[in-house]
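Summary of structural features
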Amino acid sequence: MRLVLIGDGESPHLLKWARALSQQRELELWAASTRGFAPEFHFLIPEDRRLALGTDPSHAGGNIAVLKQLPALGAWLRKVDADWLHAHYLTSHGTLAWAARRGWKLRARIAGSAWGSDILVTPNQGWAYRWLTTQVLKACAVTTSDSEHMAARMRELGAAEVMTFPFGLEQMPKQNVRKQPWLFFANRGLEPIYQPHRVIEVFAAIAAKRPEARLVVANDGSLRGALEDQARSLGLADRIEFTGRLDATAQGRRYAHARWFLSLPESDSVSVSVLEAMAHECLPILSDLPANHEVLGTAGSLELVQPETLLGRHGLILKHDEDLATLPDRLQLLVGEADVGGQSVDADRLGAANRAWIAEHAMFGPAVSRFIERLKRA
């Protein structure tokens, strides 16, 4: 079976799909990128099976620059004669796959993978975006979503079949260090949609009652300067560390030591960062979003998990109007009393249960295998 990935070849997310697909037997993998390709692609897909269109959508006129490359893409796809076009991010690359299939009368069917904002944000920006999204979804024989919430929205917009599975982990991380009981870790982008100011506010409420509490903020973005000013104004400059972006190894070390993981975006699907944190036995504190409720398997808020419940997923959903003054006591109630060394047996067990759940339910390789089997049956 010949499958062409269509997306941004410089994106780590498309690279992750390519790694998983390259492990599938009896699959001939090709790729078309609207930009270039990350270096690792050279080891996954031969150069004669790749097309780099060389656009820079963020600086060259948005999707107009991409659409100008449609003739080159269509002609290349006609020569490839694939069984499947697998488009990633539906309102851009899905549009290319749909237009190329129609314009060049390709026999290939389309599989579309939604990434989040292409379904949860873009269709709400006007009737034209909604119409385009609907046309792309209707053109897809199969689509994938990483949350039931997003899958339901895709069906509302016209998707016929949606396979739902997490954009999970490629392998389980090692976890063999002791947790620091009041160490918090946050690594979402420092941009408005991720509400990093809210992360600082939540930590400040905890730090007011837990003098040993520390927060590591491991990412970068347009709000970094304002957040550093916020930390100083709250008197927390020496308790909040801004590291900038970290590579996977450095992030792994930070996850490993942290007991708590903070992720409070205003809009999100299932976050890989949250899954990574749970695999490292962290207890996540998440914003009140449908996908986050899916991750933790609950519709409750701060009382959603009883410490004696040692199976399943464990963490907290923080409502928008939550009383932050009571948050430190509620966190302590969740993890139980600490021993003389500052460790909590309950917290360790809850973290271990999170890790076990990820290993069973949120690994990416098995999900991709099921996806390929579905394409083979079509």
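Residues numbered from 1 in each chain as written. Predicted model: local features only at pLDDT ≥ 70, side-chain atom pairs only at ≥ 80, totals over all residues. Heavy atoms only, no water.

A look at the packing of helix α1 (residues 12–22) against helix α16 (residues 364–377)
Closest axis-to-axis distance for the α1/α16 pair is 9 Å, and the angle between their directions is 70 degrees. Classed by the angle they form, the pair α1 and α16 counts as roughly perpendicular. Read as a crossing pair, α1 and α16 show a hand that is right-handed. Residues Lys-16, Trp-17, Ala-20 and Leu-21 of α1 pack against Phe-364, Val-368, Phe-371 and Ile-372 of α16. Residues that form the contact of α1 with α16 fall into these classes: seven nonpolar, no polar and one charged. (Axes fitted to C-alpha atoms, helices over the stretch in contact; angles between N-to-C directions. Helix = DSSP H or I, 4+ residues; strand = E, 2+ residues; numbered from the N terminus. Parallel < 35°, antiparallel > 145°, perpendicular 65-115°, else oblique. Left-handed = near helix turned anticlockwise from the far one by under 90°. Contact = heavy atoms within 4.5 Å. Nonpolar A, V, L, I, M, F, W, Y, C, P; charged D, E, K, R; others polar.)

Description of the pattern of salt bridges
Under the criterion given, the structure shown has 21 salt bridges. Across the salt bridge formed by Glu-322 and Arg-330, the nearest N and O atoms sit 2.8 Å from each other. Taking the relative accessible area as the measure of exposure, Arg-330 reaches 27% and is therefore partly exposed. Beyond isolated ion pairs, a larger network of salt bridges with shared partners links Asp-8, Glu-10 and Arg-35. (Salt bridge = Lys/Arg side-chain N within 4 Å of Asp/Glu carboxyl O. Buried < 20%, exposed > 50% of the residue type's maximum accessible area, 1.4 Å probe, protein only.)

Quick look at helix α8 (residues 148–156)
Met-150, Ala-151, Arg-153 and Met-154 are the residues of α8 that are buried. Looking down the long axis of α8, one finds its buried residues gathered within 160 degrees of arc, a one-sided arrangement. In this fold, the buried residues of α8 make contact with α5 (90–103), α6 (117–120), α7 (127–139), β6 (140–145) and β7 (162–164). Phi turns positive one or two residues past the end of α8, at Gly-158, with a value near 120 degrees. (Arc of directions from axis to C-beta.)

Quick notes on the sheet that holds strand β1 (residues 2–7)
Reading across the sheet, the seven strands line up as β3-β2-β1-β4-β5-β6-β7 and stay open at both edges, with parallel pairing between neighbours. Unpaired on one side and paired on the other, β3 (50–52) and β7 mark the two borders of the sheet. Taken pair by pair, the neighbouring strands of this sheet meet at an average axis angle of 20 degrees, ignoring direction. With four bridges connecting them, β1 and strand β4 (residues 84–88) associate as parallel partners. Each residue of the ladder has a partner; that of Leu-5, found in β4, is His-86. Across the sheet, α5 is in contact with β1, β4 and β5 (109–113); its angle to β4 comes to roughly 155 degrees. (Pairing = 2+ DSSP bridges.)

Describing the nonpolar core
Ranked by internal contacts, the top residues of the largest apolar core, which has 36 residues, are Val-4, Leu-73, Trp-76, Leu-77, Leu-85, Ile-119 and Met-154. Every element with two or more residues in this core is listed here: β1, β2 (28–33), α4 (70–80), β4, α5, α6, α7 and α8. When residues no more than four places from it in sequence are discounted, the contact partners of Met-154 are Leu-90, Ala-114, Ile-119, Leu-137, Thr-143, Thr-144, Ser-145, Ala-159 and Val-162. Trp-182, Phe-184, Leu-316 and Leu-327 belong to the second largest nonpolar core, which has 34 residues in total. (Core = buried A, V, L, I, M, F, W, Y, C linked by side-chain atoms within 4.5 Å.)

Section: the pairing of strand β9 (residues 214–217)
One ladder, built from four bridges, connects strand β8 (residues 180–186) with β9; its direction is parallel. For Ala-186, the partnering residue across the bridge sits in β9 and is Val-217. Crossover handedness for the path β8 to helix α9 (residues 196–207) to β9: right-handed. Pairing of β9 with strand β10 (residues 240–242), which is carried by three bridges, proceeds in the parallel orientation. Across the sheet, Val-217 pairs through a bridge with Phe-242, a residue of β10. (Right-handed = clockwise from strand over helix to strand, strands pointing away.)

Concerning the pairing of strand β12 (residues 283–287)
The element β12 is extensively covered by neighbouring structure, given that five of its five residues are classed as buried. Neither face of β12 is open: one carries Leu-283, Ile-285 and Ser-287, the other Pro-284 and Leu-286, and all of them are buried. Assessed by its sense of winding, the connection that carries the chain from strand β11 (residues 258–263) through helix α12 (residues 272–279) to β12 is right-handed. Direction of pairing for β12 relative to strand β13 (residues 316–318): parallel, over a ladder of three bridges. Residue Ser-287 lies in a different strand from β13, and its bridge partner there is Leu-318.

Brief notes about the sheet that holds β10
Spatially, six strands are ordered β10-β9-β8-β11-β12-β13 in an open sheet, and the strand pairing comes out parallel. Since the sheet does not close on itself, it has two edges, and those belong to β10 and β13, each with one partner. On average, each strand axis in the sheet is tilted by 20 degrees relative to the strand beside it, whichever way the strands run. Its contacts with the sheet place helix α11 (residues 248–257) against β8, β9, β10 and β11, and it is angled at close to 110 degrees to β11.

Here's the deal with the environment of Ala-204
Within the element layout of this structure, Ala-204 appears in helix α9. In this structure Ala-204 touches Leu-234 and Leu-236, once residues within four positions along its chain are discounted.

Some remarks on unusual backbone geometry
You will see that Glu-26, though not glycine, has its phi angle at about 65 degrees, which is positive. Tracing the sequence through the fold places Glu-26 in the loop between α1 and β2. Residue Lys-105 is not a glycine yet carries a positive backbone phi of 50 degrees. Take Lys-105: its relative accessible area is 74%, and that puts it in the exposed class.

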